[in-house]
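Coordinate analysis (summary)
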Amino acid sequence: MATETSTTSASRTIPSPLVRPIAAVAASTGQAGGGPLRFSPVALGGGAFNPQYDNYDEKNDPAGTVAVATLRRAFQLGVNLVDTSPYYGRSESIIGGALAVLADEFPRSSYFISTKCGRYGPTKAEFDYSAARVRASVQESLRRLKTDYLDVVFCHDVEFVEDRMVLEEALPVLFDLKSQGIIKMVGISGYPLPVLERLAAAWYAAHPTSPLDIVLSYCHYTLHSVDLVPAIPRLRSRGGVGTVLCASPLSMRMLTSFGPPAWHPAKPTLRDAVAQARALCDDRGVDIAEVATLFGFGFGFDDFVIGASTPEEVERAVANWHRVAGDVGDDDPDRESRLELLRRVLDILKPFWDYEWASP
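What counts as what
- Residues numbered from 1 in each chain as written.
- Predicted model: local features only at pLDDT ≥ 70, side-chain atom pairs only at ≥ 80, totals over all residues.
- Heavy atoms only, no water.
- Helix = DSSP H or I, 4+ residues; strand = E, 2+ residues; numbered from the N terminus.
- Buried < 20%, exposed > 50% of the residue type's maximum accessible area, 1.4 Å probe, protein only.
- Contact = heavy atoms within 4.5 Å.
- Salt bridge = Lys/Arg side-chain N within 4 Å of Asp/Glu carboxyl O.
- Axes fitted to C-alpha atoms, helices over the stretch in contact; angles between N-to-C directions.
- Parallel < 35°, antiparallel > 145°, perpendicular 65-115°, else oblique.

1. Here's the deal with the overall build of the protein
For the protein, the helix and strand inventory stands at eleven helices and eight strands. In the protein, buried positions account for 57% of the 360 residues. Taking the contacts inside the protein whose residues are at least 6 apart along the sequence as the reference set, 77% of them involve residues at least 24 apart.

Written out as structure tokens, the structure is:
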């Protein structure tokens, strides 16, 4: 049930019509997900439960109260896909613990879990795509997430390993686990779109009856990049990919009030432009993260994965989805002013739309 208002980090309130479930709308959009339940158009990015990507600190939430409240609010508002990874620190364990607490309210059949395999740390030496490690990784994820099946498993950041490790070691194991019902959908994730397209096409050519179910791309539909748009039809036609998830509309924290972490790969000129856009938003009393999600939801991807580690962040994301959907009318007095601010921010960042940082 929606609350009347939600206080944002800037002490602003979200009009109550915006803080309401999105599931009824999502059910009619024909998105992937298998069975009668469909992916909601907004997914909860579990990387936010890792201080590497967000402001969440488990030391300040030892009982997992905030994590439970965040997942509860997401499910209440119709967000039914939770994405995580072994690479995101203790994210899987935090999410698994929260889901166990919520089991009576939200049974396992009411939501999807997406996780990854192959990447276990920040260095290239911490990748392991061997068949044995991938199989063990899935079992570890099942234990941490306290479930007996996973809806989606991605090969994580495929650009860091040789193609043969993805095509000959990792994917065959994941598809074998899919045949056993342990995994429902198999996919790949990464940053460079040409790599994702090449691997999807190569797998499809070798396995025309069982193409990749899903691909996740991140930071490629943001205020500073729209490269994913032309890539989607190529992934579908040449790779047979059914579902494309778009992740990190906040560009790994760069498009937030916190600014980019020290390790962020963006070049200095882009960082400076984002700082200029952030200052413009600050002058209007708006977090640039709200503008970034407003822009991201505008294209209509199969699903948009956005990190959130508090109930308020979930509510802001859902509110922006409703703003873009245009289903609130005069009940949202901020809509036009936010759209005008978005136009001004894009004027600053459009020059970078063709820029892609190196990875690896």
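2. So, the environment of Ala201
As for its position among the elements, Ala201 is in helix 6 (residues 193-206). Taking the relative accessible area as the measure of exposure, Ala201 reaches 26% and is therefore partly exposed. C-alpha separation for the pair Ala201 and Arg238, spaced 37 residues apart in sequence, amounts to 5.4 Å. Leaving out residues up to four positions away in the same chain, Ala201 has contacts with Arg238 and Gly239.

3. A few points about the pattern of salt bridges
Summed over the entire model, instances satisfying the criterion amount to 14 salt bridges. The shortest N-O distance in the salt bridge between Arg338 and Glu290 comes to 2.7 Å. On the criterion of sequence distance, the pair formed by Arg338 in helix 11 (residues 335-349) and Glu290 in helix 9 (residues 288-296) is long-range, its members being 48 residues apart. For Arg338, a relative accessible area of 5% translates into the label buried.

4. Digging into the packing of helix 9 against helix 11
At their nearest, the axes of helix 9 and helix 11 sit 10 Å apart, and the two run at 90 degrees to each other. When the interaxial angle is binned, helix 9 and helix 11 end up roughly perpendicular. Counted together, Glu290, Val291, Leu294 and Phe295 of helix 9 and Arg338, Leu339, Leu341, Leu342, Val345 and Leu346 of helix 11 form the full contact between these two elements.

Such coordinate-based values are descriptive only and should not be taken to indicate function.
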